[in-house]
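In case you want the letters, here they are:
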Amino acid sequence: MTTDIKIAENISNGLTKEDQKNVIEVLVSVLADQHVLYVKLRNFHWNLKGARFHSLHEFFEQQYTALEKAIDETAERIRMLGGVAPGSMSEFLSAATLKEAAGNIIDGDDAISSLVTDNETVIRFLREKSGMVEDDFNDVATADFLVELLQKHEQDAWMLRSFSEIS
Ligand SMILES: [Fe+2]
């Protein structure tokens, strides 16, 4: 992680300064990965080709529309905790664990497989970090927020796998 964690406000919410910074750092990574995934879903929505175009085109739109809401909630949670939400593509890319995909024509199974991989990466990250945020950084509220995101990504990964024609 190379993004600087910026603190805007001192708040008295029971977290130490260090815990506050550690929790915000996790949320910044989550927000960065959400943006990479969001752009990738739009990319595949546009550049998809093949017999399943219609269903997958719509399905990717549903997923990025749901992700928009999650992005907003993550950024606003960073602000609630006194942090500054990153706001530029370069900040997102430096804090993300996911890799972008360039715009290229893609078939359904390649798009699905890339999105399943990304969702599973996010699931593993959220599983590890939600435990850490609760046990080591003493923030049960953010841990709860991360667990809810984790459940959503598990559902997304399952639906994507179910669309795959490769077993
Ligand atoms: Fe569209």
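See the structure printed just above.
This text gives an overview of the structure that appears in the document.

Conventions adopted
Residues numbered from 1 in each chain as written. Predicted model: local features only at pLDDT ≥ 70, side-chain atom pairs only at ≥ 80, totals over all residues. Helix = DSSP H or I, 4+ residues; strand = E, 2+ residues; numbered from the N terminus. Rg over C-alpha atoms; globule rule 2.2 N^0.38 Å. Contact = placed C-beta atoms within 7 Å. Expected span 1.5 Å × (residues − 1). Buried ≥ 20, exposed ≤ 12 C-beta atoms within 10 Å, placed from the backbone. Axes fitted to C-alpha atoms, helices over the stretch in contact; angles between N-to-C directions. Parallel < 35°, antiparallel > 145°, perpendicular 65-115°, else oblique. Nonpolar A, V, L, I, M, F, W, Y, C, P; charged D, E, K, R; others polar. Left-handed = near helix turned anticlockwise from the far one by under 90°. Core = buried A, V, L, I, M, F, W, Y, C linked by C-beta atoms within 7 Å.

## Things to note about the overall build of the protein
Piece 1. Across its full length, the protein holds 5 helices and 2 strands.
Piece 2. Relative to the 2.2 N^0.38 estimate, which gives 15 Å for 167 residues, the radius of gyration of the protein is 17 Å and therefore close to what a compact globule would have.
Piece 3. Along the longest, intermediate and shortest principal axes, the C-alpha atoms of the protein span 55 × 30 × 20 Å.
Piece 4. Within the protein, contacts between residues at least 6 apart in sequence are counted, and of these 77% link residues at least 24 apart.

## Section: helix α2 (residues 53-80)
Residues that lie three or four places apart on an α-helix share one face, since the helix turns once every 3.6 residues.
Piece 1. End to end, α2 covers 40 Å across 28 residues, agreeing with the expected 40 Å (1.5 Å per residue, within 8%).
Piece 2. Among the residues of α2, Leu56, Phe59, Phe60, Gln63, Thr74, Ala75, Arg77 and Ile78 are the ones counted as buried.
Piece 3. For α2, the elements touching its buried residues are α1 (17-47), β1 (48-49), α4 (108-135) and α5 (140-163).
Piece 4. Positive phi shows up at Gly82, right after α2, with a value of about 90°.

## With respect to the packing of α1 against α4
Piece 1. Relative to each other, α1 and α4 sit at 170°, their axes nearing to 11 Å. By the angle between their axes, α1 is roughly antiparallel relative to α4. Here Val23, Val26, Asp33, Leu37, Lys40 and Phe44 of α1 lie close against α4, whose contacting residues are Ala111, Asp118, Val122, Lys129 and Val133.
Piece 2. Split into classes, the residues belonging to the contact of α1 with α4 amount to 7 nonpolar, no polar and 4 charged.

## A closer look at the packing of α4 against α5
Piece 1. The N-to-C vectors of α4 and α5 enclose an angle of 160°; their axes lie 8 Å apart at closest approach. In terms of orientation, α4 lies roughly antiparallel with respect to α5. Between α4 and α5 lies a crossing whose hand is left-handed.

## Observations regarding the nonpolar core
Piece 1. In terms of nonpolar packing, the biggest core is built from 35 residues, with Val23, Leu27, Val28, Leu31, Ala32 and Ile78 touching the most fellow members.
Piece 2. Mapped by element, the contributors of at least two residues to this core are α1, α2, α3 (89-95), α4 and α5.
Piece 3. With 12 residues, the single largest contributor to this core is α1.

## Quick look at unusual backbone geometry
Piece 1. Residue Asn138 is not a glycine yet carries a positive backbone phi of 60°.
Piece 2. Structurally, the position occupied by Asn138 is in the loop between α4 and α5.

## Digging into the environment of Ala111
Piece 1. Position of Ala111 relative to the elements: it lies in helix α4.
Piece 2. Here the alpha-carbon distance between Ala111 and Gly14, two residues 97 residues apart in the chain, equals 44 Å.
Piece 3. Residues within four places of Ala111 in sequence aside, it is in contact with Phe44, Leu48, Leu56 and Ile106.

## A short note on the environment of Ala32
Piece 1. Its place among the elements puts Ala32 in helix α1.
Piece 2. Ala32 gets classed as buried once you count the C-beta atoms within 10 Å, which come to 23.
Piece 3. Spatially, the C-alpha atoms of Ala32 and Phe145 are 16 Å apart, while their sequence positions differ by 113 residues.
Piece 4. Discounting residues that sit within four places of it in the chain, Ala32 has contacts with Phe92, Ala95 and Ala96.

## Details of the environment of Glu76
Piece 1. Structurally, the position occupied by Glu76 is in helix α2.
Piece 2. On the neighbour-count criterion, Glu76 (11 C-beta atoms within 10 Å) is exposed.
Piece 3. Along the backbone, Glu76 and Tyr38 are 38 residues apart, and their C-alpha atoms lie at a distance of 17 Å.

In short, the description is geometric, and any link to function would need to be established separately.
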